[in-house]
Amino acid sequence: MIEPRPDVDLRLAELKQSGAYAVYAITALREEFGLSLNEAKSRFAQSPAWAAEKAAAEILHQQILDALREDGTE
């Protein structure tokens, strides 16, 4: 797990509150804090402010995998 940085967590909460999209929040972390894409995505995924979006993305990802398996595509 990446060490917590209160400034990054606060910025993620601000972005969520302002109605930003997930992609914009990750991009903002990269630009404002100089994070790599992987680190920005990891911090986004660990953010309590974005927990609902992360859970929804995980459900969608699993549904896609399940559909591919049923289709024999995977």
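Residues numbered from 1 in each chain as written. Predicted model: local features only at pLDDT ≥ 70, side-chain atom pairs only at ≥ 80, totals over all residues. Heavy atoms only, no water.

J.: What's the story with the nonpolar core in this structure? I'm lost.
T.: Across soluble globular proteins, nonpolar side chains have a tendency to be buried as a group. Val8, Leu12, Leu15, Ala20, Ala25, Ile26, Ala28, Leu29, Leu35, Ala40, Phe44 and Trp50 form the largest nonpolar core, which has twelve residues in total. Secondary-structure elements contributing two or more residues to this core are helix H1 (6–17), helix H2 (22–33) and helix H3 (37–46). Looking at this core, the element that brings in the most residues is H2, giving four residues. If we skip the residues at most four places from it in the chain, Ala40 touches Ile26, Leu29, Arg30 and Leu35. (Core = buried A, V, L, I, M, F, W, Y, C linked by side-chain atoms within 4.5 Å. Buried < 20%, exposed > 50% of the residue type's maximum accessible area, 1.4 Å probe, protein only. Helix = DSSP H or I, 4+ residues; strand = E, 2+ residues; numbered from the N terminus. Contact = heavy atoms within 4.5 Å.)

J.: Even after reading the chapter, I still don't get the environment of Phe33, so can you show me in this structure?
T.: Topologically, Phe33 is positioned in helix H2. Since its relative accessible area comes to 23%, Phe33 is described here as partly exposed. Spatially, the C-alpha atoms of Phe33 and Val8 are 7.7 Å apart, while their sequence positions differ by 25 residues. Those residues in contact with Phe33 that sit more than four places away from it in its chain are Arg5, Asp7, Val8, Arg11 and Ala28.

J.: Please clarify how H1 should be interpreted in this entry.
T.: Every α-helical turn comprises 3.6 residues, leaving residues that sit three or four positions apart pointing alike. Between its first and last C-alpha, H1 extends 16 Å over twelve residues, near the 16 Å set by a 1.5 Å rise per residue. The complete set of buried residues in H1 reads Val8, Leu12 and Leu15. All buried residues of H1 lie within an arc of 65° about the axis, which places them on one face of the element. In H1, the exposed residues that point more than 90 degrees away from the buried face are Pro6, Leu10 and Gln17. Buried residues belonging to H1 abut H2 and H3. Remark: Gly19 follows H1 within two positions and exhibits a positive phi of approximately 90°. (Expected span 1.5 Å × (residues − 1). Arc of directions from axis to C-beta.)

Worth remembering: the numbers are spatial, not functional.
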